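Listed below, chain by chain, are the residues.
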Amino acid sequence: MAKIYLFCSAEQFHPEVIVKQAILAEEVGFDGVMISEHFHPWVHDEGTSGFTFSTLGAIAAKTKRINLMTAVTTPLFRYHPGVVAQAAATIDRLSDGRFELGIGSGENINEKPLGYNFPGYAERSKRLVEAIEIIRRLLNSEGLDFNGEFYQTNSAKLYSPPSHTVPIFLAAGGAQTASTAVKYCDGMIVSVKDVNETKEILKTISPTKASSFKIIASRWSIYAQTDEQAWQALLPQRGLRAPSRGTAGPKELQREADSMPKSDILSKYHRLKTPEDYISAYSPLITDIKADVVGIQTTSLDQPRTIKMLGREVLPKLTKL
């Protein structure tokens with residue numbers, strides 16, 4: 001049976017708000033929360049940018065049941081892979097084994113502000129392979145001497161190692177990254193815009209691997225009755241779909257998004273008005289994608305009320321699928 005997670009956006013909500021959302025998510029029946037991890041948000045005026053690993057520590061202390069996942073952090077530039085392993089081990093211990101590490105190849109929006117050059121995909125893919133090896137070996141309590149092309153360690157060891165196995169999931173937007181996930185990770189995270197396109201990506205998973213390899217599938221949506229309500233709910237995220245996402249910063253993304261017709265931005269999200277709309281939007285992730293975890297990545301003008309509605313009217317029907 002698929003598990004249902006609530007996505008909490010660190011680029012839309014301050015950390016103290018996300019902690020409250022996670023507590024509420026546990027109360028209404030979600031199986032876990034997925035939290036993005038950015039240094040900068042998608043827009044300058046409405047964006048937020050808390051330190052996700054601290055937020056996860058607070059959630060671990062204030063919840064008892066739900067799983068916690070980064071969706072996703074990047075172990076390539078701002079953080080040495082060994083530091084990401086240390087953070088994962090700490091949250092695992094604080095949450096009594098409820099942490100799942102979601103990683104990705106990064107965003108220029110997070111690395112450039114701190115003075116890092118953001119290389120092309122080919123280099124980032126090579127970095128990922130090295131980073132995953134370092135993280136995995138440190139989480140396995142190895143004392144690690146590593147001399148790679150991009151990263152080095154000298155007798156590195158986690159002296160507060162994880163108390164449980166920490167799974168590693170890689171965000172994949174195409175077949176090449178999906179192949180890396182299949183080869184080196186425990187599963188992959190996919191953001192589903194088109195179900196058929198996602199199913200093509202998942203063809204990289206061999207039948208022998210499929211039984212143990214997890215699929216985490218999320219989908220963006222807006223819960224609103226009118227276009228204006230939808231736009232107001234989307235304000236902190238409106239730069240996410242701007243054409244220059246890969247190169248521009250929050251101010252530039254905001255200007256670009258605001259220069260576009262609102263309808264163009266809104267059309268890039270699933271527009272939902274009823275609980276039944278949520279079931280229609282997210283059920284294909286269970287029935288067609290065969291996801292092990294479905295991430296409800298949604299925004300609204302009243303997020304607590306929306307979370308309660310999802311728990312009451314959507315989760316029971318999705319879990320029956």
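Residues numbered from 1 in each chain as written. Predicted model: local features only at pLDDT ≥ 70, side-chain atom pairs only at ≥ 80, totals over all residues. Heavy atoms only, no water.

### Side note on the environment of proline 275
With respect to the helices and strands, the residue proline 275 is situated in helix α12 (residues 275–287). Residues proline 275 and serine 263 lie twelve residues apart in sequence; the distance between their C-alpha atoms is 23 Å. In contact with proline 275, other than residues within four places in its own chain, are Met309, Glu313 and Val314. (Helix = DSSP H or I, 4+ residues; strand = E, 2+ residues; numbered from the N terminus. Contact = heavy atoms within 4.5 Å.)

### Considering the nonpolar core
With 79 residues, the main nonpolar core has Phe30, Leu68, Leu101, Met188, Ile215, Tyr282 and Ile296 as its most contacted residues. Considering each element in turn, this core owes the most residues, seven residues, to helix α5 (residues 121–139). Those residues in contact with isoleucine 296 that lie beyond four places of it in its chain are Ile4, Tyr5, Leu6, Phe7, Phe30, Arg219, Tyr278, Tyr282, Leu310, Leu315 and Leu318. Ranked by size, the runner-up nonpolar core spans 28 residues in total, among them Phe169, Ile222, Trp231 and Leu253. (Core = buried A, V, L, I, M, F, W, Y, C linked by side-chain atoms within 4.5 Å. Buried < 20%, exposed > 50% of the residue type's maximum accessible area, 1.4 Å probe, protein only.)

### So, the packing of aromatic side chains
Counting across every chain of the model gives ten aromatic pairs. Centre to centre, the rings of phenylalanine 77 and phenylalanine 118 are 6.0 Å apart; their planes meet at 55 degrees, and the pair counts as tilted. You can see phenylalanine 77 sitting in the loop between β3 (67–70) and α3 (81–95) and its partner phenylalanine 118 sitting in the loop between α4 (108–111) and α5, a full 41 residues away along the chain. The exposure class assigned to phenylalanine 118 is partly exposed, which follows from its relative accessible area of 22%. Look at tyrosine 278 and tyrosine 282: their rings are 6.1 Å apart centre to centre, the planes differ by 10 degrees, and that puts the pair in the stacked class. Of this pair, tyrosine 278 and tyrosine 282 both sit in helix α12, four residues apart, which is roughly one turn of the helix. Across this residue pair, the class does not change: tyrosine 278 and tyrosine 282 are buried. (Phe/Tyr/Trp six-rings, centres within 6.5 Å; stacked < 30°, edge-to-face > 60°.)

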